[in-house]
Amino acid sequence: MEQGTTMGDSRVALVTGANKGIGRAIAEALSDCGVRVFVGSRDPSRGEQALSEMEAPGRRLELVEIDVTSPDSVAAAVRQIAELAGRLDILVNNAGIACEPPSSLPSTLTAEVIRMTYETNVLGVVTVTNACLPLLRESPAGRIVNCSSETGSKSIWSDPHNPMSMYAPLVPAYSSSKAALNSLTVAYAKELKDTPIKVNAVSPGHIGTDLNGGAGPGTPAEGAAVVVPFALLDDNGPTGGFFGTHGPVPW
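Residues numbered from 1 in each chain as written. Predicted model: local features only at pLDDT ≥ 70, side-chain atom pairs only at ≥ 80, totals over all residues. Heavy atoms only, no water.

Student: Can you lay out the side chain of Asn 93 for me, pointing to particular residues and giving the numbers?
Tutor: Counting through the fold element by element, Asn 93 comes out in strand β4 (residues 90-93). On the accessibility criterion, Asn 93 (3% relative accessible area) is buried. With residues near it in sequence (within four places) discarded, Asn 93 still touches Thr 16, Val 125, Val 128, Thr 129, Ile 144, Val 145, Asn 146 and Cys 147. (Helix = DSSP H or I, 4+ residues; strand = E, 2+ residues; numbered from the N terminus. Buried < 20%, exposed > 50% of the residue type's maximum accessible area, 1.4 Å probe, protein only. Contact = heavy atoms within 4.5 Å.)

In structure tokens, the structure reads:
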């Protein structure tokens with residue numbers, strides 16, 4: 001997959017949930033490609049600590065406090081980016097949570113667990129994306145990447161012969177939130193099809209992070225390597241798709 005190069009070092013990105021895990025690795029990788037990256041963190045003290053650890057020669061990383069569940073916090077973060085950078089070319093909706101144990105069954109879930117999960121994984125994406133769209137519409141090559149999961153694939157989970165369906169945990173609140181995120185990805189891509197903005201959902205793979213207690217076999221850097229190319233797509237790149245480590249993922 002070819003990555004865009006025409007915008008060079010002028011590109012500006014926001015990565016939510018970027019003070020740790022895959023989000024941090026995405027921010028580092030984008031910065032290493034010459035992008036000016038706003039490192040989104042809900043907790044400013046943790047964000048400052050992460051930023052100090054991420055610093056390296058040539059990187060342009062700046063902290064922005066953003067709680068994706070708070071419209072006021074999101075609006076303030078976007079204003080900060082507009083004031084400091086005057087533009088936004090890349091949005092990576094990475095912030096996400098999982099509130100249930102791996103063995104969860106839908107019959108054991110409470111509405112509160114589902115509500116909490118959707119508040120960040122679905123509603124937070126809508127809040128951030130809509131707040132960023134005015135800046136992204138001004139970019140000559142806007143890119144939106146929604147960090148999804150193959151657990152959100154209804155095709156995989158409904159196939160009794162698929163190993164993932166047979167052996168992976170159900171996590172119904174988390175997986176259904178990612179299915180909803182995938183649906184939103186298609187909706188945004190359709191709305192923006194006549195603009196330069198491309199919108200894709202990308203699963204970084206089974207990565208060991210705080211979200212799963214470090215249980216995944218992959219590293220955050222390996223997950224970022226899957227996501228970053230979609231943030232740097234050239235003009236011929238796809239939009240409205242769902243992709244993973246091995247290419248397109250079935251819906």
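Moving on from the coordinates now.
Student: Give a description of the sheet that holds strand β8 (residues 247-248) that names residues and reports values.
Tutor: Strand order in the open sheet formed by eight strands is β3-β2-β1-β4-β5-β6-β7-β8, with mixed pairing between adjacent strands. A strand with exactly one partner marks an edge of an open sheet, and here the two such strands are β3 (61-65) and β8. Summarising the sheet, strand β5 (residues 143-147) and strand β6 (residues 198-202) pair through five bridges and their orientation is parallel. Paired with Asn 146 across the strands is Ala 201, a residue of β6. Along the sheet, helix α3 (residues 71-84) contacts β1 (12-15), β2 (36-41) and β3; its crossing angle with β3, the most-contacted strand, is approximately 150°. On top of the sheet, helix α7 (residues 172-191) reaches β5, β6 and β7 (242-244); it is set at about 165° to β6, its chief contact. (Pairing = 2+ DSSP bridges. Axes fitted to C-alpha atoms, helices over the stretch in contact; angles between N-to-C directions.)

Student: For the pairing of β6, give the residues involved together with the corresponding values.
Tutor: A regular strand carries its side chains on alternate faces of the sheet. Within β6, five of the five residues are buried, which leaves it mostly tucked inside the rest of the structure. Burial along β6 is two-sided: Lys 198, Asn 200 and Val 202 facing one way and Val 199 and Ala 201 facing the other are all buried. Bridge analysis of β6 against β7 gives two bridges, and the strand direction is parallel. The residue bridging Val 202 from the neighbouring strand is Phe 243, located in β7.

Student: How would you summarise the nonpolar core if you had to cite specific residues and measurements?
Tutor: In terms of nonpolar packing, the biggest core is built from 30 residues, with Val 15, Ile 26, Ala 27, Leu 30, Val 37, Val 39 and Val 92 touching the most fellow members. Elements with a contribution of two residues or more to this core: β1, α1 (21-32), β2, α2 (44-54), β3, β4, β5 and α8 (220-231). Among the elements that take part in this core, α8 stands out by supplying six residues, more than any other. For Val 39, the contacting residues outside a window of four places in its chain are Val 15, Ala 18, Asn 19, Ala 27, Leu 51, Met 54, Leu 61, Glu 62, Leu 63 and Val 64. With 24 residues, the next largest nonpolar core counts Val 12, Val 74, Cys 132 and Ala 189 among its residues. (Core = buried A, V, L, I, M, F, W, Y, C linked by side-chain atoms within 4.5 Å.)

Student: How would you explain α1 if you had to name every residue and give the values?
Tutor: The terminal C-alpha atoms of α1 lie 17 Å apart, and with twelve residues this matches the ideal 16 Å at 1.5 Å per residue to within 8%. Along α1, the positions that sit buried rather than exposed are Ile 22, Gly 23, Ala 25, Ile 26, Ala 27, Glu 28, Leu 30 and Ser 31. At the C-terminal side of α1, Gly 34 shows a positive phi close to 95°. (Expected span 1.5 Å × (residues − 1).)

Student: Describe the pattern of salt bridges, naming the residues involved and giving the relevant values.
Tutor: In the structure shown here, the tally under the stated rule is eleven salt bridges. We note a salt bridge from Arg 24 to Glu 28, for which the minimum N-O separation is 3.7 Å. Taken as a pair, Arg 24 and Glu 28 lie in helix α1 at a separation of four residues, close to a single helical turn. Across the pair Arg 143 and Asp 235 runs a salt bridge whose closest N-O atoms are separated by 3.7 Å. Remark: Asp 235 occurs in the loop between α8 and β7 and Arg 143 occurs in strand β5; sequence separation between them is 92 residues. Each member of the salt-bridge network shares a partner with another, and the members are Arg 24, Glu 28, Asp 32, Glu 53 and Arg 59. (Salt bridge = Lys/Arg side-chain N within 4 Å of Asp/Glu carboxyl O.)

Student: Account for α3, naming residues and giving values.
Tutor: Helix length check: α3, at 14 residues, gives a terminal C-alpha distance of 20 Å against a target of 20 Å (1.5 Å per residue), a fit within 8%. Those residues of α3 lying buried are Ser 73, Val 74, Ala 77, Val 78 and Ile 81. Along the long axis of α3, the arc covered by the buried residues comes to 130°, so they all point the same way. Turned more than 90 degrees from where α3 packs its buried face, Pro 71, Asp 72 and Glu 83 sit exposed. Looking at the buried side of α3, the elements it contacts are β1, β2, β3 and α4 (111-138). Gly 86 lies just past α3 and shows a positive phi near 75°. (Arc of directions from axis to C-beta.)

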